[in-house]
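What the coordinates show
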Amino acid sequence: MKIFLNTVFITRHKERIPIMFYKINDDPFEVDIHVQLIDVEVSKTHTIHVKVTNKYTNKIIFEGNQSFNIEAEGQKPEGYENVNRGIAELGIPLSMEPDEIKGVNTLNIEVTIEGSKQNVQLFLAGDVNG
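We now turn to the structure provided with this report. None of these values were measured; they are calculated from a predicted model. The residue numbering used here restarts from 1 in each chain and proceeds along that chain's sequence as written. Given that this is a predicted model, residues contribute local features only at a pLDDT of at least 70 and side-chain atom pairs are listed and counted only at 80 or more, while totals for whole chains, interfaces and linings are drawn from all residues. Hydrogens and water are ignored here; the side-chain numbers use all heavy atoms of the structure.

Here is the rule: rings of Phe, Tyr and Trp (six-membered ring for Trp) pair when centre to centre is within 6.5 Å. Planes less than 30 degrees apart are stacked, more than 60 are edge-to-face, and the remainder are tilted. Under the counting rule described, the total for this entry stands at 1 aromatic pair. Between Tyr22 and Phe29, the ring centres sit 4.7 Å apart and the planes meet at 65 degrees, which makes this aromatic pair edge-to-face. Each member of the pair, Tyr22 as well as Phe29, carries the same accessibility label: buried. Here the basic side chain of Arg12 rests over the ring of Tyr22, its NZ or CZ set 4.7 Å away from the ring centre. Only protein chains enter the calculation, and the probe is 1.4 Å; a residue is then buried if its accessible area is under 20% of its type maximum, exposed if over 50%, and partly exposed in between. Distance and angle both matter: a charge sits over a ring if NZ of Lys or CZ of Arg is within 6 Å of the ring centre and within 35 degrees of the ring normal.

Once that is clear, we can look at a nonpolar patch on the surface. Together, Met20, Phe21 and Phe123 make up an exposed nonpolar region whose accessible area comes to about 330 Å². Runs of H or I in DSSP of at least four residues are treated as helices and runs of E of at least two as strands, each being numbered from the N terminus. With respect to the secondary-structure elements, Phe123 resides in strand β8 (residues 116–125). For patch building, the residue pool is restricted to those with more than 30% relative accessible area and no salt bridge; the joining distance is 9 Å between like charges and 5 Å between nonpolar side chains (Val, Leu, Ile, Met, Phe, Trp, Tyr). For accessible areas, the Shrake-Rupley method is used with a probe of radius 1.4 Å. Any residue's cover is judged against the shown protein chains and nothing else. Salt bridges are defined as contacts in which a side-chain nitrogen from Lys or Arg sits within 4 Å of a carboxyl oxygen from Asp or Glu.

A separate point is the sheet that holds strand β6 (residues 85–96). Two pairing modes exist for strands in a sheet, parallel and antiparallel, and in both the strands are linked by backbone hydrogen bonds. A pair of strands is treated as paired once DSSP finds two or more bridges between them. Taken together, 3 strands build an open sheet; the order of strands is β1-β3-β6 and the sheet is antiparallel. Each of the sheet's edge strands pairs with one partner strand only, and the pair in question is β1 (4–12) and β6. The average undirected angle you get between the axes of adjacent strands in this sheet is 20 degrees. Alignment of strand β3 (residues 29–41) against β6, held across 11 bridges, turns out to be antiparallel. Paired with Val35 across the strands is Leu90, a residue of β6. Every axis corresponds to a line fitted to the C-alpha atoms, with the helix fit spanning only the stretch in contact, and the corresponding angles, defined between N-to-C directions, vary from 0 to 180 degrees.

Across the sheet, 5 strands lie side by side as β2-β8-β7-β4-β5; this open sheet has mixed pairing. At either end of the open sheet lies a strand with only one pairing partner, and these are β2 (21–23) and β5 (60–68). The sheet shows a mean angle of 25 degrees between the axes of neighbouring strands, taken without regard to direction. Note: β2 against β8, 3 bridges, orientation parallel. Opposite Lys23, over in β8, you have Ala125 as the bridge partner.

Rendered as structure tokens:
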């Protein structure tokens, strides 16, 4: 069974409420990319690939990988020792200085895992971005 990329959403750093808009100021830009997965093989190491681009120029602003293994990280709940597949949610932090996204008004955030891909967009506004 193939892993299912259920949901991707963005929040302010260390918060749980999804956002579509982020006001840029002189403080660092800090958000979390939340990835919800279904049918995760618990004994396998999985790698999530994240690519953040300027929606209009396709210029890559950030690109990287985040790996996880539910069983190796000790996150298998008590009573589920014989379960081989599960669900998972990961929060991947993304932080940048305002000058790194100067002039960008929409971020395209692409998340890929084992052939499943999902895109979300985050609208940016503020004095730094015009």
